[in-house]
Amino acid sequence: YYPDRKTADIYKFFDDGAVIASQLKENPTAYFQLLFGLSEVPQVESQMHNWASHSEQWLRFSQTSDSNLFNSNRVVTRIHAALFPLTGGWIVTHLLFFNLLVVYALFALAKQLIPTFRAASPALIAFLLMPSVLFWCSGLLKDSLVLAGLCLIWASMLNQQAGLFARIAIGVLSMGLVLTTKYYTLAALIPAMLLYWILGLKHRLK
């Protein structure tokens, strides 16, 4: 589908992940340093094309090193690097992982919307099958991770049957996923969550 591998985002992340994964046998220390953002490894980073460095302004603002986690391109690349030992580098398996994550998150949210808001089936089907959901959020891109994270955050908040620890754990991990990919979406998410919680509390006090 993509005639030029160098300009396709899915290959940029995948190919850079392959560079990191190649260090697992040759230099495991470098692999884990890059995977978890522990430190920079210039000799490996020079082989990658989308491992964009932060600007000096960002580094001064964040008071951290350039190996920090808050770079969405690097987050997707790290996920690919983590998957390589399990998939053998077959990109279709990576795609299945991303798709299954999104499908799980969508249905986890739908499962909570049905009893909570008595959501009608046509509305849920329309939500799950919207072209923007099917096409834009089903690739090896950060959008898939953001959608999955947002859905799991709401699902953990709406779920009243699961244990509190499980709900908090899923919510915190999902929020971390959103925070490290497109953190500005939390600017819209947090007020909405607070409003929902306040309205729910007001309803229970009546």
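None of the values given here were measured: they were computed from a predicted structure. (Residues numbered from 1 in each chain as written. Predicted model: local features only at pLDDT ≥ 70, side-chain atom pairs only at ≥ 80, totals over all residues. Heavy atoms only, no water.)

Caption draft 1: Summary view of the packing of aromatic side chains. Per the counting criterion, the structure on display carries 6 aromatic pairs. Seen from their ring centres, Phe-14 and Phe-84 are 5.1 Å apart, and the 35° between their planes marks the pair as tilted. Of the two residues, Phe-14 is situated in helix 1 (residues 9–21) and Phe-84 in helix 6 (residues 72–87); the sequence distance between them amounts to 70 residues. Their ring planes at 85° and their centres at 6.0 Å tell us that Trp-154 and Tyr-196 sit as a pair that is edge-to-face. Placement of Trp-154 in helix 10 (residues 142–158) and of Tyr-196 in helix 12 (residues 186–205) is noted, with a sequence separation of 42 residues between them. Residue Tyr-196 is classed as partly exposed on the basis of its relative accessible area of 29%. Feature note: the residues Tyr-31, Phe-32 and Phe-36 constitute an aromatic cluster, connected by ring pairs. (Phe/Tyr/Trp six-rings, centres within 6.5 Å; stacked < 30°, edge-to-face > 60°. Helix = DSSP H or I, 4+ residues; strand = E, 2+ residues; numbered from the N terminus. Buried < 20%, exposed > 50% of the residue type's maximum accessible area, 1.4 Å probe, protein only.)

Caption draft 2: Fine view of the packing of helix 10 against helix 11 (residues 164–179). Between helix 10 and helix 11, whose axes approach to 8 Å, the crossing angle comes to 155°. Considering the angle they form, helix 10 stands roughly antiparallel to helix 11. Handedness of the crossing formed by helix 10 with helix 11: left-handed. Between helix 10 and helix 11, the contacting residues are Leu-145, Val-146, Gly-149, Leu-150, Leu-152, Ile-153, Ser-156 and Met-157 on the first element and Arg-167, Ile-170, Gly-171, Ser-174, Met-175, Leu-177 and Val-178 on the second. For the contact of helix 10 with helix 11, the class distribution of residues is 10 nonpolar, 4 polar and 1 charged. (Axes fitted to C-alpha atoms, helices over the stretch in contact; angles between N-to-C directions. Parallel < 35°, antiparallel > 145°, perpendicular 65-115°, else oblique. Left-handed = near helix turned anticlockwise from the far one by under 90°. Contact = heavy atoms within 4.5 Å. Nonpolar A, V, L, I, M, F, W, Y, C, P; charged D, E, K, R; others polar.)

Caption draft 3: Representation of the state of the cysteines within the structure. A full pass over the atoms with the stated rule returns 0 disulfides. Cys-151 provides the cysteine sulfur closest to Cys-137, a residue in no disulfide bond, and the two sulfurs are 8.8 Å apart. Judged by relative accessible area, Cys-137 falls into the buried class, the value being 10%. You can call Cys-151 buried: its relative accessible area is 3%. (Disulfide = S-S within 2.5 Å.)

Caption draft 4: Seen up close, the environment of Leu-152. Tracing the sequence through the fold places Leu-152 in helix 10. Taking C-alpha positions, Leu-152 is 5.4 Å from Ala-105, a pair spaced 47 residues apart along the chain. Each residue touching Leu-152, except ones within four places of it in the same chain, is listed here: Tyr-104, Ala-105, Ala-108, Ile-170 and Ser-174.

Caption draft 5: The arrangement of the nonpolar core in detail. Within the largest apolar cluster, 17 residues are counted, with the highest numbers of intra-cluster contacts made by Val-102, Ala-105, Leu-106, Leu-109, Leu-113, Leu-147 and Cys-151. Of all the secondary structure elements, the ones that give two or more residues to this core are helix 7 (91–117), helix 8 (121–128) and helix 10. Beyond its immediate chain neighbours, meaning those up to four positions away, Val-102 contacts Cys-137, Ser-144, Leu-147 and Ala-148. Judged by nonpolar contacts, the second largest core, of 16 residues, contains Ile-10, Val-75, Ile-79 and Leu-145. (Core = buried A, V, L, I, M, F, W, Y, C linked by side-chain atoms within 4.5 Å.)

Caption draft 6: Layout of a nonpolar patch on the surface. A contiguous nonpolar surface patch, about 470 Å² in accessible area, is contributed by Ile-190, Leu-194, Trp-197, Ile-198 and Leu-201. Within the secondary structure layout, Ile-190 lies in helix 12. Ile-190 gets classed as partly exposed once you look at its relative accessible area, which sits at 38%. (Patch = residues over 30% accessible without salt bridge, like charges linked within 9 Å, V, L, I, M, F, W, Y side chains within 5 Å. Areas by Shrake-Rupley, 256 points an atom, 1.4 Å probe, with all protein chains shown as cover. Salt bridge = Lys/Arg side-chain N within 4 Å of Asp/Glu carboxyl O.)

Caption draft 7: Fine view of helix 3 (residues 28–36). Every buried residue of helix 3 is listed here: Ala-30, Tyr-31, Leu-34 and Leu-35. Taken end-on, helix 3 shows its buried residues confined to a sector of 130°, consistent with a single buried face. Positive backbone phi, at 65°, marks Gly-37, one or two positions downstream of helix 3. (Arc of directions from axis to C-beta.)

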